[in-house]
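Per-entry structural report
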Amino acid sequence: MSGTCEPMMTSNQTLFSYVLRLADDHLILSQRLGEWCGEAPTLEEDLALANIALDLIGQARALYAYAGQVEGKGRDEDQLAFMRYERDYQNLLITEQPNGDFAHTIVRQFFISAYMDPFWRRMEGSKDDMLAAIAAKASKEVTYHLRHTSEWVIRLGDGTRESHERMVEALDDLMMFTGELFEMDAVAQEMLQSGVGVDASDLKAEWQHTVQTILQEATLELPKAGHMQTGGRMGRHSEHLGHILSELQYMQRSFPGLTW
Amino acid sequence: MVTIADLGILRSIALDEEGCIVAQVTPTYSGCPATNLIQQMVLEALHEAGFENVRVESVLSPAWTTDWISSEGREKLRQFGIAPPTETSNSKRALFGETLVTCPHCGSGETERVSEFGSTPCKALYRCLACREPFDYFKCH
Ligand SMILES: [Zn+2]
């Protein structure tokens, strides 16, 4: 009966899409953090940002490799990471936002870490063994990212007038990208219903609690939630992604299949 | 020398049904740059030992933990100048939980963390307040 086959196909495509977007989140954010290499305020912080980027690229690799396996068309992690077009990337818009000053980088990483921490912890209970295994590693790693960025948020917020003002500005600029974190589109819904995915909308309260606790200690406030930007999951990106990809994909576009 | 078995990276070596030697390794951190190199070197070591039919597999689950570092491995790390992880990893530490790290050079408990992130993803950077030496601490994970 062909009718019993079709839902299988569909759910495989949904799983592919779900894993791919998670991989895109981590790849793009990692690429952004990598831009700090050699430029961070101190040597220790240079190492820290590079280490966080490395964790993210490791998570992205595992996710891309799995996505390729699920898709079953022979695309490997490199092809998925380097050989797609801008509109095919489904990363969250916050991950592609420019580094800005150090305050912007820290707030972006803090917002995302406070989200990924409960996200990966819940994913550990996924019915999908591979996603659960990736989550078990990632959830340990993101704990450090959250702790590290939290310390900076407090230090900068409760620091000098200059650092405080820059933090206020960064919070104002990035707040509009946080709504997308908790959206549940059809792909996410289907994955949730099949016991594979995480209910992102359900993470909002915990995220707000974590963020507000730290901000309070930092003498900062979470800006009022106004208009929220969205579109990353549908491949609608800000003008920044194209520039990231031109750098990220340069070698593979110039010399397809290049290895070293 | 600290071996990958001491560190709990080498999970198992077994024969599969076709008589192929399968070595299972697990990454410490997702992004550990040494992962590929370690797999390569395990393959080479097996080849050099005269085994032709060999394979290296990467396993993610269960996730690597510092609890798998043997007591011998811990002592070797200390002798190498790297402070071994101090506690078991099962507790999700409080956000600002501080650990007491002992200096691998002079044994003093008077140390301070310079950075959560050290020369590799698995290590943090510390400084001894007694002998003033900086050192790496193998993070509890
Ligand atoms: Zn000392």
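Our subject is the structure listed above.
To start, this report covers the structure provided alongside it. (Residues numbered from 1 in each chain as written. Chains lettered and ligands numbered in written order. Predicted model: local features only at pLDDT ≥ 70, side-chain atom pairs only at ≥ 80, totals over all residues. Heavy atoms only, no water.)

Residues and elements named next belong to chain B. Listed as protein donors to the zinc ion are C103 (SG), C106 (SG), C128 (SG) and C131 (SG); their distances from the metal cover 2.3 Å. One way to put it: the four donor atoms around the zinc ion meet at angles of 104 to 115 degrees, and that makes the site tetrahedral. Mapping the donors of the zinc ion onto the primary sequence yields the spacing C-x2-C-x21-C-x2-C. Of this pair, C106 sits in the loop between strand 4 (82-83) and strand 5 (111-115) while C128 sits in strand 6 (residues 123-128), placing them 22 residues apart in sequence. Taking relative accessible area as the criterion, C106 reaches 41% and is therefore assigned partly exposed. (Donors = N, O, S within 2.8 Å, 3.2 Å for Na, K, Ca; no water. Tetrahedral: all angles 85-135°; square planar, octahedral: opposite > 155°, others 65-115°. Helix = DSSP H or I, 4+ residues; strand = E, 2+ residues; numbered from the N terminus. Buried < 20%, exposed > 50% of the residue type's maximum accessible area, 1.4 Å probe, protein only.)

We now examine the sheet that holds strand 3 (residues 54-58) of chain B. Residues and elements named next belong to chain B. Taking strand neighbours across the sheet as the criterion, the three strands line up as 1-2-3 in an open arrangement whose pairing is mixed. Each edge of the open sheet carries a strand with a single partner, namely strand 1 (10-15) and strand 3. Pairwise comparison of adjacent strand axes, ignoring direction, gives a mean angle of 20 degrees for this sheet. With five bridges joining them, strand 2 (residues 21-25) and strand 3 adopt parallel strand pairing. Among the inter-strand pairings, A23 is bridged to a residue of strand 3, identified as V56. Taken strand by strand, helix 1 (residues 34-48) contacts strand 2 and strand 3, and its axis lies near 160 degrees from that of strand 3. (Pairing = 2+ DSSP bridges. Axes fitted to C-alpha atoms, helices over the stretch in contact; angles between N-to-C directions. Contact = heavy atoms within 4.5 Å.)

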